[in-house]
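Structural description and commentary
Letter by letter, the chains look like this.
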Amino acid sequence: MLFRSLADFRASERTFQLLTQVVGRAGRGDKPGEALIQTIHPEHYSIQAAAAQDYDAFYAKEREFRERMQYPPSVAMVSLVVKGRTADAAMREAGWIATRLRARFPNGKVLGPAPAPLSRLRDEHRVQVFVKSRQRNAMRLAIQSVLTERPELRRKVIIDVDPINVL
C-alpha cells in the first residue's frame, strides 16, 4: 500500500510508518523473517528507507521535501473548508475568501479553492482553501480579518490549523 499518490503531504510519512512496522515484525524471536513489498514506486525514498529500516535517511529526505514544498513543519498551514448548499455556492464563497486572503496577506501562499476530497458530506458541498506561511500570527490575523468582513460565512467555514489530515 502506498499513500504517496494521495493529495496529502504526509502520505510518504504514513507509507514509511506502515512499511517500517510490517518489516519490523517479519520473523519471530531469533528466526529471521522476510517482508515483500509490492509497489509501482520502488525507487521512492519512503519505500527504500522503510525496507532498510533507515529512519535517519527517511527523516533527511522528508525534511528536504517539506522544506522545498513549503509544508509543515517548515511553515504553518491552515485548511479552510467552505460548506454550501450547492457546489457552485461553496466554490463562489471559497473563491471570495481566497481572493481576499491573497490581497490581505501577500506574504502567504494561498492554494485553491478546489473541491475538498470529501466534496459532499451530509447534503453539503465542500470546497477547500489552504494558507501556508512562516508568519503564523500574520496568517491568523488575515484569516480573522477576512471572515470578519462577512460574518455570515463564519458558520460555513471549518478552520483547521496545522491539520493532521488534509483529506
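Structure: see above.
Before going into details, it helps to say that this report is about the structure given with it. (Residues numbered from 1 in each chain as written. Predicted model: local features only at pLDDT ≥ 70, side-chain atom pairs only at ≥ 80, totals over all residues. Heavy atoms only, no water.)

1. Regarding the sheet that holds strand 3 (residues 124-133)
Pairing between the strands of a sheet is mediated by backbone hydrogen bonds and can be parallel or antiparallel. With respect to topology, four strands assemble into an open sheet ordered 2-3-1-4, the strand pairing being antiparallel. Whereas interior strands pair on both sides, the edge strands pair on one side only; in this sheet they are strand 2 (109-121) and strand 4 (157-161). Direction aside, neighbouring strands of the sheet carry axes that sit 20 degrees apart on average. Across five bridges, the pairing between strand 1 (residues 76-84) and strand 4 is antiparallel. For Ser79, the partnering residue across the bridge sits in strand 4 and is Asp160. Lying on the sheet, helix 4 (residues 87-104) is in contact with strand 1, strand 2, strand 3 and strand 4; it crosses strand 2 at an angle near 160 degrees. Packing of helix 5 (residues 136-149) onto the sheet brings it into contact with strand 1, strand 3 and strand 4, and relative to strand 1 it is tilted by some 15 degrees. (Pairing = 2+ DSSP bridges. Helix = DSSP H or I, 4+ residues; strand = E, 2+ residues; numbered from the N terminus. Axes fitted to C-alpha atoms, helices over the stretch in contact; angles between N-to-C directions. Contact = heavy atoms within 4.5 Å.)

2. Looking at the pairing of strand 1
The buried fraction of strand 1 amounts to nine of the nine residues, a majority that puts the element mostly inside the structure. Burial of the side chains of strand 1 extends over both faces: Ala76, Val78, Leu80, Val82 and Gly84 are buried on one face and Met77, Ser79, Val81 and Lys83 on the other. (Buried < 20%, exposed > 50% of the residue type's maximum accessible area, 1.4 Å probe, protein only.)

3. Comments concerning helix 4
With 18 residues, helix 4 should cover 26 Å at 1.5 Å per step; its first-to-last C-alpha distance of 26 Å lies within 8% of that length. Within helix 4 the residues assigned to the buried category are Ala89, Ala90, Glu93, Ala94, Gly95, Ile97, Ala98 and Leu101. Looking at the buried positions of helix 4, the neighbouring elements they touch are strand 1, strand 2, strand 3, helix 5 and strand 4. (Expected span 1.5 Å × (residues − 1).)

4. A few points about the nonpolar core
Leu80, Ile97, Leu101, Val131, Met139 and Ile143 are the most contacted members of the largest nonpolar core, which totals 21 residues. When contributions to this core are tallied by element, the ones reaching two or more residues are strand 1, helix 4, strand 3 and helix 5. Counting seven residues, the second largest nonpolar core, distinct from the first, contains Phe16, Leu19, Tyr45 and Ala49. (Core = buried A, V, L, I, M, F, W, Y, C linked by side-chain atoms within 4.5 Å.)

5. Regarding helix 3 (residues 55-69)
It helps to recall that an α-helix has 3.6 residues per turn; residues three or four apart then point in one direction. Relative to the 21 Å expected for 15 residues at 1.5 Å per residue, helix 3 spans 21 Å between its end C-alpha atoms, a close match to the ideal helical length. Taken together, the buried positions of helix 3 are occupied by Phe58, Glu62 and Arg66. What you see down the axis of helix 3 is that its buried residues fit within an arc of 55 degrees, all on one side. Of the residues in helix 3, the exposed ones pointing more than 90 degrees away from the buried face are Asp56 and Arg68. Close packing links the buried residues of helix 3 with helix 1 (11-24) and helix 2 (45-52). Capping the start of helix 3 is the job of one residue whose side-chain oxygen sits 3.4 Å from the backbone nitrogen of Asp56: Asp54. Phi turns positive, to about 60 degrees, at Gln70, one or two residues after helix 3. (Arc of directions from axis to C-beta. Polar contact = N/O pair within 3.5 Å; in protein donor to acceptor, adjacent residues only side chain to side chain.)

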